[in-house]
Amino acid sequence: MTDQTITSVSRESRVFKPSAEFKGQANLGSFDNYRKLYSESVNAPEKFWSRQAKEHLVWRKPFKDVLQWKPPFAKWFTGGKLNVSENCLDRHLGTVRENKAAIIFEGEPGDVRTITYKQLHFHVCRLAHVLENSGIKPGDRIAIYMPMIPEAVVAMLASARVGAVHTVIFGGFSPESLKDRINDCKAKLVITADGGWRRGKVVEMKANVDKAIVNTPTVQSVLVVKRCGNEINMTEGRDTWYREAWVGAPNQHSAKAFDSEHPLFILYTSGSTGKPKGVLHTSAGYLLGAKLSSQYVFDLKESDRYFCTADIGWITGHSYVVYGLLSNGSTVFLYEGAPNQPEPDRFWQMIDRHGITILYTAPTAIRAFMRWGDNYVLRHRLDSLRLLGSVGEPINPEAWMWYHRLIGKKKCPIVDTWWQTETGSIMITPLPGVTPTKPGSATLPFFGVCPLVVDSDGKEVPRNSGGKLVITKPWPSMLRTLWGDDERYQKAYYSEFPNHPEYYFTGDGARRDKDGYFWVIGRIDDVLNVSGHRIGTAEVESALVSHPSVAEAAAVGRPDELKGQALVVFVTVKSGVEANDGLKEILRNHVGKEIGSLAKPDQVRFAAGLPKTRSGKIMRRLLKELAAGGEIKGDTTTLEDFSVLAALKQNDE
Ligand code: WT7
């Protein structure tokens, strides 16, 4: 890193005010209320969080201190005891929610199941007994490797109920990745399924587990849910059918209370290089962050039916499918399969069929829908929707407008939520009905969150200049450490600004506009240096995608003798568009017009697809190596589709 700040080139200036209709029913009511509550939350954080923790969580033993902060280590609500699963389930029993749907599930083949809070409670109680009977003690690690089926939620909550620590490993990961993660956290038990449905085929999950655990000495037993009925091997003495173990177990389970800081889960997230980082989240603070943000950001109402398209293997699935929503007593819709199975309108079909009111998805998915064509959307009414959300990467204004027009029918607010696996819950976000939105901006901080855009010395940069995004104060749902590696934790997140050892470095570049709105412009590692200007990838990509021929784009730098770095962009075109030299020139000029000639790409390369992680993030590091004309050497275990890379190499000019 040099001392230079980042030049921000985005020119988006549209503002969307909340409609009177949405505003009239919003949980927070007015922007003034937001300002008041926000300012209390950062000026008197202990008072604010103490009140929220008492109001939102069910405690078995009250906490003594709100926060003990010895940077980079935080402890929240010490002295308190609670049970996280009780906070998601038992609290709703004996209330009007008892017989309300907790989960509405649709499998990829079209099978539908509805599970009420009362039913979910007894599912979890039974599994809690099974876990205890198989020797699981508080603090033991359980690996969950499952398709998106209700039993995955049950497994997480049962683990929490007995004080075990779950690590959910996304069902698309290979046996090798599974093995590494199991070994890193020394899991004792694996919960899996025979298979899961994906694009009409069975993903052989149990077979993957069998391969992985040849080399995982700590795993003693495997519980297997029957989902697809595909043939599998069961190893005597090690593997048990979930159903068989579960059937004899009692429906009630008296849960123990655990300390506020008792570990709840480990979630592995790919470091840009090297082995995955085991992000550790603990109980009370995490749950409070997830619950409070769900309630306000999604403006939850008793009648909502909420659909988050993220897999349970990502933090979004943890916070905004399971913990945040169930603790609020909401109805969560769960879908097992692919968005284009059998056709690209599957989501829209399900939204109409189940009367979904809130949709939370990712820009990469939105761009895929745009590419597939509006007709798939226009076949459906979508009139039950009242709120839309976006997460995972900066949403380019083009996609934002499409989402707003085609899906939201111009009446649904869009909440563009910025956060990370590490932050546990949403950090920067509009509140619907309250915050005026600008396409591409995550807008303003959530309660208790203190973000700042700074230069390399940790000094705040002037408005509209780019810089590094930091969080200057601890918050309840922050990660506590990296599993078994306090030193890596400190290095990765609290070492960027030696004169501010208490600043959490997000790794993102951002800019704040004149209204104080935050615009995330990409990962700092990916920042482009074009003729001495440091520009965020998101801004160049957004300019490219605003051209009607372009479906998706990735911008990377290539070493250049003259300029230091030349700008190379990889572009996929919309269906029906011819990718030829003429278009290359048009796109170069388009970026020149949108941003200025300084950002005109030196090279435009067409691609059939871009290499992405399994959660949909473009792996620019690989494209950078490719653009530099070299071999791809770095770690590719998180790559979703290897054929994309092969095709890109072939296309080499
Ligand atoms: C990184 C975190 C948070 C759950 C899903 C991803 C990028 C995420 C936004 C947004 C701009 C965003 C950031 C962040 N990101 N949401 N609304 N606007 N950028 O979790 O895999 O831990 O990734 O995703 O770069 O640091 P994750």
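What you see is a predicted model; the values in this text were computed from it and never measured.

### Points about the sheet that holds strand S30 (residues 603-606)
1) Next: The strand order across the open sheet formed by three strands is S28-S29-S30, and the pairing between neighbours is mixed. Strands at the two margins of the open sheet, each flanked by one partner only, are strand S28 (550-560) and S30. Strand-to-strand twist across the sheet, computed as the mean angle between neighbouring axes with direction ignored, equals 25°.
2) Next: One ladder, built from 10 bridges, connects S28 with strand S29 (residues 564-573); its direction is antiparallel. Pairing of alanine 553 across the sheet is with valine 571, part of S29.
3) Next: Those strands touched by helix H13 (residues 363-372) are S28 and S29, and its axis lies near 120° from that of S28.
4) Next: Most of the contacts of helix H17 (residues 537-545) go to S28, to which it runs at about 135°, and overall it touches S28 and S29.

### Quick notes on the environment of tryptophan 241
1) Next: With respect to the secondary-structure elements, tryptophan 241 resides in strand S12 (residues 239-241).
2) Next: Taking the C-alpha atoms as reference, tryptophan 241 lies 47 Å from valine 573; in sequence the two are 332 residues apart.

### Focus: the site of the ligand
1) Next: Surrounding the ligand, one finds 16 residues, the nearest of these being Asp416, Thr417, Gln420, Thr421 and Asp508.
2) Next: Proline 394 is positioned such that a nitrogen or oxygen atom in its backbone is 3.3 Å from a nitrogen atom of the ligand.
3) Next: A distance of 3.0 Å separates an oxygen atom of the ligand from a polar atom in the side chain of lysine 617.
4) Next: Within the complex, the protein chains bury 90% of what would otherwise be the 550 Å² of accessible surface of the ligand.
5) Next: Tallied by class, the residues present in the shell around the ligand amount to six nonpolar, five polar and five charged.

### A few points about the layout of surface pockets
1) Next: For the second largest pocket, the calculated volume is near 230 Å³.
2) Next: Taken together, 15 residues make up the lining of the second largest pocket; nearest its centre are Tyr38, Leu444, Pro445, Arg512 and Phe518.
3) Next: Mapped onto the lining of the second largest pocket, the elements with two or more residues apiece are helix H2 (31-43) and strand S21 (451-454).
4) Next: Take the lining of the second largest pocket: its biggest share by element is four residues, from H2.
5) Next: Classifying every residue of the lining of the second largest pocket gives nine nonpolar, two polar and four charged.

### Observations concerning the environment of lysine 23
1) Next: Locating lysine 23 in the fold gives a position in helix H1 (residues 20-25).
2) Next: Assessed through its relative accessible area of 40%, lysine 23 is described here as partly exposed.
3) Next: Each C-alpha atom of the pair lysine 23 and arginine 620 lies 40 Å from the other, and the pair is 597 residues apart in sequence.
4) Next: Not counting the four nearest positions on each side in its chain, lysine 23 is found in contact with Gly29 and Gly433.

### Examining the packing of H13 against helix H15 (residues 397-407)
1) Next: Where H13 contacts H15, the two axes come as close as 10 Å, and the packing angle between them is 70°. Here H13 lies roughly perpendicular to H15, going by the angle between them. Between H13, through Ile366, Arg367, Phe369 and Met370, and H15, the contact on the second element is made entirely by Glu398, Ala399, Trp402 and Tyr403.
2) Next: For the contact of H13 with H15, the per-class residue count stands at six nonpolar, no polar and two charged.

### Quick word on the packing of aromatic side chains
1) Next: Per the stated rule, a full pass over the model turns up 42 aromatic pairs.
2) Next: Look at phenylalanine 298 and tyrosine 306: their rings are 5.1 Å apart centre to centre, the planes differ by 65°, and that puts the pair in the edge-to-face class. The two residues phenylalanine 298 and tyrosine 306 agree in class, both being buried.
3) Next: For the pair tyrosine 320 and tyrosine 360, a centre-to-centre distance of 6.1 Å together with 85° between the ring planes defines the contact as edge-to-face. Here the residue tyrosine 320 occupies a position in helix H11 (residues 315-327), and tyrosine 360 occupies one in strand S18 (residues 358-361), the gap between them amounting to 40 residues.

### Section: helix H19 (residues 620-627)
1) Next: When you tally the buried positions in H19, you get six out of eight residues, the bulk of the element.
2) Next: Those residues of H19 that sit buried are Arg620, Leu622, Leu623, Glu625, Leu626 and Ala627.
3) Next: A positive backbone phi angle near 85° is found at glycine 629, which sits one or two residues after H19.

### Regarding the sheet that holds strand S20 (residues 414-416)
1) Next: The strand order S5-S4-S17-S16-S18-S19-S20 describes an open sheet built from seven strands, whose pairing is mixed. Two strands in the sheet have a free side with no partner beyond their single neighbour: strand S5 (112-116) and S20. Geometrically, the sheet is characterised by an average inter-axis angle of 20° between neighbouring strands, direction not taken into account.
2) Next: Two strands pair when backbone bridges link them, and strand S16 (residues 305-308) and S18 are joined in this way by three bridges, in the parallel orientation. Along S18, the bridge assignment pairs cysteine 308 with tyrosine 360.

### Things to note about the nonpolar core
1) Next: Counting 118 residues, the largest nonpolar core has Phe298 and Tyr323 as its most contacted members.
2) Next: The contacts of phenylalanine 298, once residues within four sequence positions are left out, are Ser293, Tyr306, Tyr320, Ile358, Tyr360, Arg386, Leu387, Val415 and Ile426.
3) Next: Counting residues in hydrophobic clusters, the runner-up holds 29 residues, among them Ala101, Phe347, Val377 and Ile407.

### Examining the side chain of glutamate 98
1) Next: With respect to the element layout, glutamate 98 can be found in the loop between helix H4 (84-88) and strand S4 (101-106).
2) Next: Apart from residues lying up to four places away in sequence, glutamate 98 is in contact with His92, Leu93, Thr116, Tyr117 and Lys118.

Calculation criteria
Residues numbered from 1 in each chain as written. Predicted model: local features only at pLDDT ≥ 70, side-chain atom pairs only at ≥ 80, totals over all residues. Heavy atoms only, no water. Pairing = 2+ DSSP bridges. Helix = DSSP H or I, 4+ residues; strand = E, 2+ residues; numbered from the N terminus. Axes fitted to C-alpha atoms, helices over the stretch in contact; angles between N-to-C directions. Contact = heavy atoms within 4.5 Å. Near = heavy atom within 4 Å. Polar contact = N/O pair within 3.5 Å; in protein donor to acceptor, adjacent residues only side chain to side chain. Areas by Shrake-Rupley, 256 points an atom, 1.4 Å probe, with all protein chains shown as cover. Nonpolar A, V, L, I, M, F, W, Y, C, P; charged D, E, K, R; others polar. 1 Å grid on protein atoms, 1.4 Å probe; cavity = no way out; pocket = protein on both sides within 12 Å on 5 of 7 lines; lining within 4 Å. Points joined across faces, edges and corners; volume = space filled by probe spheres on them. Buried < 20%, exposed > 50% of the residue type's maximum accessible area, 1.4 Å probe, protein only. Parallel < 35°, antiparallel > 145°, perpendicular 65-115°, else oblique. Phe/Tyr/Trp six-rings, centres within 6.5 Å; stacked < 30°, edge-to-face > 60°. Core = buried A, V, L, I, M, F, W, Y, C linked by side-chain atoms within 4.5 Å.

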